Amino acid sequence: GGGGGCRRVRGPELRELLDSKRDVLFDCDGVIWNGEAAVAGAPEAVRLLKQRGKRVFFVTNNCTRPRGNYAHKFSRLGFSDVSEEDIFSSAYCSAAYLRDVARLSGKVFAIGCQGVLQELRDAGVDVVAEDSAEGPDTSIYDCPLDPDVRAVLVGYDEKFNFMKLAKACCYLRDSECLFLATDPDPWHPLRGGRVTPGSGSLTAALETASSRKATVIGKPSRFMFECIASQFDLDPAQSLMVGDRLETDILFGANCGLCTVLTLTGVSTMEQAQEYKDSEAPEKKDFVPDYVVESIADFSEALED
Ligand code: PLP
Ligand code: CA
């Protein structure tokens, strides 16, 4: 990977590309769906890939729901045959990392929504419970710290607040305490032109407060690919990564040695890809996709007989 050609493909050329790979990894938001609406033609594209014998995996930085919820979402949006086992979220992979790589003994202090908490519990990782005695007037002197905490995990959290930041900061004073982030995403598009801050913005606050750098689990980190590969025996040379964000999905592909496809139904534009391609800085080359499609609906057109 790295230094892609940024080449527009469709029709027979796209078919040739798809025929040359065994496995396809899809990012979700901006590729498969936008919020609660499927990208037009996406269910058909996934169905045809599977019909042609491809294994299809979903790799999302969205940590807000447990993977079972995503399986339901796929089915609700018209994807007929996506199972929980094929979905890799940054929350699921963070829990797997704590259990299998860090082999955490002790507890994790988690900043995050239901998805993060549920995946940690499902993985059998011990999570510090919220203190129900804590009211709005509890001071940072009164809030109890759990002596068994050995890791802090930060993800998207709509109930993020000063007290959580302060506690996490105290835990991270211990240099042995791990500091993990589900994903580095800065913001996400919402309906009506609104945006929401992403996990990366919350992680940045804690990085500043602790003078430490978090280990990122989600894209563009290689760990997410290793997590899938450990379960499904993937070969980078035979895998295709399809995403909509150059700084996470395409860089992830480059980091893992995958052929990359940018789809224009999400965050990044052809102009931004071209800008990275034209840049003098060698490190920007990893943001350049090998190929560009308008939408993954183009896959169907390329695959139909
Ligand atoms: N995290 C949150 C909270 C989101 O809302 C989104 C997209 O909606 C994402 C991450 C990005 O998800 P993906 O990696 O599937 O694009
Ligand atoms: Ca995306």
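First, a word on scope: everything that follows refers to the structure included in this document. All values derive from a computational prediction rather than experimental measurement.

### Focus on the coordination of the calcium ion (ligand 2)
Link 1 in the chain: The calcium ion (ligand 2) binds to the protein through Asp27 (OD), Asp27 (OD), Asp29 (O) and Asp244 (OD); the donor distances cover 2.2 to 3.1 Å.
Link 2 in the chain: Each donor residue of the calcium ion (ligand 2) belongs to the same chain, with the gaps between them written as D-x1-D-x214-D.
Link 3 in the chain: Residue classification places Asp27 among the buried residues on the basis of a relative accessible area of 6%.
Link 4 in the chain: Looking at Asp29, the relative accessible area reads 30%, which means it is partly exposed.

### Some details on the pairing of strand S2 (residues 23–26)
Residues in a regular strand point their side chains to alternate faces of the sheet.
Link 1 in the chain: Burial along S2 is two-sided: the residues Asp23 and Leu25 and Val24 and Phe26 are all buried.
Link 2 in the chain: Pairing of S2 with strand S5 (residues 55–60), which is carried by four bridges, proceeds in the parallel orientation. Across the sheet, the residue bridging to Val24 is Val56, located in S5.
Link 3 in the chain: Where S2 and strand S14 (residues 239–243) come together, four bridges link them in parallel fashion. Bridged to Leu25 within S14 is Met241.

### What about the environment of Val242?
Link 1 in the chain: Tracing the chain through its elements places Val242 in strand S14.
Link 2 in the chain: Val242 gets classed as buried once you look at its relative accessible area, which sits at 0%.
Link 3 in the chain: With 54 residues separating them along the chain, Val242 and His188 place their C-alpha atoms 18 Å apart.
Link 4 in the chain: In this structure, Val242 is in contact with Val24, Leu25, Phe26, Asp27, Val31, Val261, Thr263, Ile296 and Phe299, ignoring residues within four places of it in sequence.

### Comments concerning the state of the cysteines
Link 1 in the chain: For the coordinates displayed, the defined rule picks out zero disulfides.
Link 2 in the chain: With no disulfide of its own, Cys28 has Cys93 as its nearest cysteine by sulfur position, at a separation of 12 Å.
Link 3 in the chain: Under the relative-accessibility criterion, Cys28 is labelled buried at 1%.
Link 4 in the chain: Of all cysteine sulfurs, the one in Cys93 lies closest to Cys256, which takes part in no disulfide; the gap is 11 Å.
Link 5 in the chain: Classification of Cys256 by relative accessible area gives buried; the value is 6%.

### Observations concerning the pattern of salt bridges
Link 1 in the chain: All told, the structure shown has 17 salt bridges when counted by the stated rule.
Link 2 in the chain: Arg15 is paired through a salt bridge with Asp19; the nearest N and O atoms lie 3.7 Å apart. Residue Arg15 and its partner Asp19 are located together in helix H1 (residues 11–19), separated by four residues, close to a single helical turn.
Link 3 in the chain: Accessibility expressed as a relative area gives 22% for Arg15, which makes it partly exposed.
Link 4 in the chain: On the accessibility criterion, Asp19 (44% relative accessible area) is partly exposed.

### Things to note about the sheet that holds strand S8 (residues 126–127)
Link 1 in the chain: Strand order in the open sheet made by the five strands is S8-S7-S9-S10-S13, with parallel pairing throughout. The open sheet terminates on both sides in strands that have one partner only, identified here as S8 and strand S13 (215–216).
Link 2 in the chain: Bridge count for strand S7 (residues 107–111) against S8 is two bridges, and the pairing is parallel. The partner of Lys107 across the bridge, within S8, is Asp126.
Link 3 in the chain: Contacts from helix H4 (residues 90–101) reach S7, strand S9 (149–154), strand S10 (178–181) and S13 within the one sheet, and its direction differs from that of S10 by about 160°.
Link 4 in the chain: In this fold helix H6 (residues 162–171) packs onto S7 and S9, with an angle of close to 145° to the strand it touches most, S7.

### A word on helix H7 (residues 199–210)
Link 1 in the chain: Between its first and last C-alpha atoms H7 spans 16 Å; for 12 residues at 1.5 Å apiece the expected length is 16 Å, and the two agree.
Link 2 in the chain: On its buried side, H7 packs onto S9, H6, S10 and strand S12 (195–197).
Link 3 in the chain: A positive backbone phi angle near 55° is found at Ser211, which sits one or two residues after H7.

### Structural notes on the site of ligand 1
Link 1 in the chain: Around ligand 1, the structure places Asp27, Cys28, Asp29, Thr60, Asn61, Asn62, Thr64, Tyr156, Asp185, His188 and Lys219.
Link 2 in the chain: Within the backbone of Asp29, an N or O atom sits 2.9 Å from an oxygen atom of ligand 1.
Link 3 in the chain: Measuring from an oxygen atom of ligand 1, one finds a side-chain N or O atom of Lys219 at 3.0 Å.
Link 4 in the chain: Here ligand 1, which alone exposes 400 Å², has 88% of that area covered by the protein.
Link 5 in the chain: Comparing atom positions with the cavity grids shows ligand 1 to sit within the largest pocket.
Link 6 in the chain: Across the shell around ligand 1, the residue classes break down as two nonpolar, five polar and four charged.

Rules behind the numbers
Per-chain numbering applies: the sequence of each chain, read as written, is numbered from 1 onward. Think of it this way: whatever chain is written first is A, whatever ligand is written first is 1, and the rest follow in order. Owing to the predicted nature of the model, reporting of local features is limited to residues with pLDDT of at least 70; listing and counting of side-chain atom pairs is limited to 80 or more, with chain, interface and lining totals taken over all residues. Side-chain measures here rest on the full set of heavy atoms in the structure, leaving out hydrogens and waters. For Na, K and Ca the donor cut-off is 3.2 Å; for every other metal, N, O and S atoms count as donors within 2.8 Å. Water does not enter the count, which can leave sites looking incomplete. Accessible area is worked out with a 1.4 Å probe on protein chains only. A residue is then buried under 20% of its type maximum, exposed over 50%, and partly exposed in between. Only DSSP runs of H or I covering at least 4 residues are called helices, and only runs of E covering at least 2 are called strands; the numbering of each starts at the N terminus. Here, strands pair whenever DSSP counts at least two bridges between them. Two residues form a contact once any of their heavy atoms are found within 4.5 Å. When two cysteine sulfur atoms are found within 2.5 Å, that pair is recorded as a disulfide. For this document, the term salt bridge refers to a Lys or Arg side-chain nitrogen within 4 Å of an Asp or Glu carboxyl oxygen. Whenever a helix is involved, its axis is fitted only over the stretch in contact; in every case the axis is a line through C-alpha atoms, and angles between N-to-C directions fall within 0 to 180 degrees. One less than the number of residues in a helix, times 1.5 Å, gives the span that helix is expected to have. One heavy atom within 4 Å of a molecule or strand makes the whole residue count as near it. For this analysis, a polar contact is any N or O atom pair within 3.5 Å, provided that within protein one partner can donate a hydrogen and the other can accept it, and provided that sequence-adjacent residues contribute only side-chain to side-chain pairs. For the area figures, the Shrake-Rupley method with a 1.4 Å probe applies, and any residue is considered shielded solely by the protein chains shown. Only protein atoms enter the 1 Å grid, on which a cavity is a set of points fitting a 1.4 Å probe that cannot get out and a pocket is an open set with protein on both sides within 12 Å along at least 5 of 7 lines, lining residues being those with an atom within 4 Å of a point. Each molecule is checked against the cavity or pocket grid, and it sits inside if more than half of its atoms lie within 2 Å of the grid points. Side-chain classes follow a simple rule in which Ala, Val, Leu, Ile, Met, Phe, Trp, Tyr, Cys and Pro form the nonpolar group, Asp, Glu, Lys and Arg form the charged group, and the remainder, Gly included, forms the polar group.

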